[in-house]
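Chain residues, written in single-letter form:
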Amino acid sequence: MSVTIKSAREIELMREAGRLLAEVHEELAKFVKPGISTKDIDKYGEKLIRDRGCIPNFLNYNGYPASICVSVNDEVVHGIPNKHRILQDGDIVSLDAGLIYKGYHSDAARTHAVGTISKEAQQLIDVTRQSFFEGIKYAKAGNRLHDISNAIAAYAESFGYGVVRDLVGHGIGTALHEDPQIPNFKQLRRGIKLVPGMTLAIEPMINEGTWEVCWLDDDWTVVSEDGSLSAHYENTVLITDGEPEILTLLK
Ligand code: MF3
Ligand code: CO
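Residues numbered from 1 in each chain as written. Chains lettered and ligands numbered in written order. Predicted model: local features only at pLDDT ≥ 70, side-chain atom pairs only at ≥ 80, totals over all residues. Heavy atoms only, no water.

S.K.: So what's going on with the site of ligand 1? Residues and values would help.
M.R.: Near ligand 1, the surroundings consist of Phe 58, Tyr 61, Tyr 64, Cys 69, His 78, Asp 96, Asp 107, His 170, His 177, Glu 203, Trp 220 and Glu 234. Within the side chain of Asp 107, one N or O atom sits 2.9 Å away from an oxygen atom of ligand 1. Separating an oxygen atom of ligand 1 from a side-chain N or O atom of His 177 is a distance of 2.7 Å. Relative to its unbound accessible area of 330 Å², ligand 1 is 95% covered by the protein chains. Among the residues forming the shell around ligand 1, the class breakdown is five nonpolar, three polar and four charged. (Near = heavy atom within 4 Å. Polar contact = N/O pair within 3.5 Å; in protein donor to acceptor, adjacent residues only side chain to side chain. Areas by Shrake-Rupley, 256 points an atom, 1.4 Å probe, with all protein chains shown as cover. Nonpolar A, V, L, I, M, F, W, Y, C, P; charged D, E, K, R; others polar.)

S.K.: Please provide a residue-by-residue account of the sheet that holds strand β3 (residues 75-77), values included.
M.R.: Spatial ordering of the open sheet is given by β3-β12-β11, a layout of three strands whose pairing is antiparallel. Of all strands in the sheet, those bounded by a partner on one side alone are β3 and β11 (213-215). Sheet twist, expressed as the mean angle between neighbouring strand axes with direction ignored, is 40°. (Pairing = 2+ DSSP bridges. Helix = DSSP H or I, 4+ residues; strand = E, 2+ residues; numbered from the N terminus. Axes fitted to C-alpha atoms, helices over the stretch in contact; angles between N-to-C directions.)

S.K.: Describe the coordination of the cobalt ion (ligand 2), with residues and values.
M.R.: Here the cobalt ion (ligand 2) is held by Asp 107 (OD), His 170 (NE2), Glu 203 (OE) and Glu 234 (OE), and the distances to it run 2.1 to 2.2 Å. Donor residues for the cobalt ion (ligand 2), ordered by position in the chain, follow D-x62-H-x32-E-x30-E. Remark: Glu 203 occurs in the loop between β9 (199-202) and β10 (205-207) and His 170 occurs in strand β7 (residues 169-171); sequence separation between them is 33 residues. Note on accessibility: His 170 and Glu 203 belong to one class, buried. (Donors = N, O, S within 2.8 Å, 3.2 Å for Na, K, Ca; no water. Buried < 20%, exposed > 50% of the residue type's maximum accessible area, 1.4 Å probe, protein only.)

See below:
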């Protein structure tokens, strides 16, 4: 598949898909607290998406059994919500959510503190978020895709963190995953040229320790190999003639 360039009409639909998902994340952020289960988050997130007339795009995607990926502590991404998994004070929890609005997908992730967390855990969350913003400084027409990757990697690694390599960001539009793949780790080549109308889901996944990951027996949950904490931050971004537009943040 080739990289799709969205028309003005498609960009309007992507904007609305992004704005609605930003609202969902705002509500989910307020919902996270010690004592709730990861399944409670999934149920609430699915309701928030459906109440907006949208469809949860993760549900049944390649057999994934929920609407929100809920990944706790050393879980990197794709944690499966479970009514027995109760969030504890001091945990960190990554929420990855996506929806379809009039045929157009949005995708975004945030990592939240549960109650009071350690300084180290808060720094991991903050650096992961900031690595995204370091990356999108390069998300401009005329630059190249891997300029983004290399900026993310350089920033996260300057804190001694491991940048996950086995999973990457992606183009997004009428499908959740479109070309191109967007690595977060250092690339030798600069990659394809960025063009206005590209919509990209940029999603650094950063471990406190090694970048290496493994999969649990459920075949979904990705965990850090050394058991260290992991954080995730993702937005759907539009490439324009000027500054990039972050579609999944409220203006
Ligand atoms: N944000 C993730 C991604 O971009 C979540 C999708 S995986 C799913 O790949 F299977 F849970 F849908
Ligand atoms: Co994604």
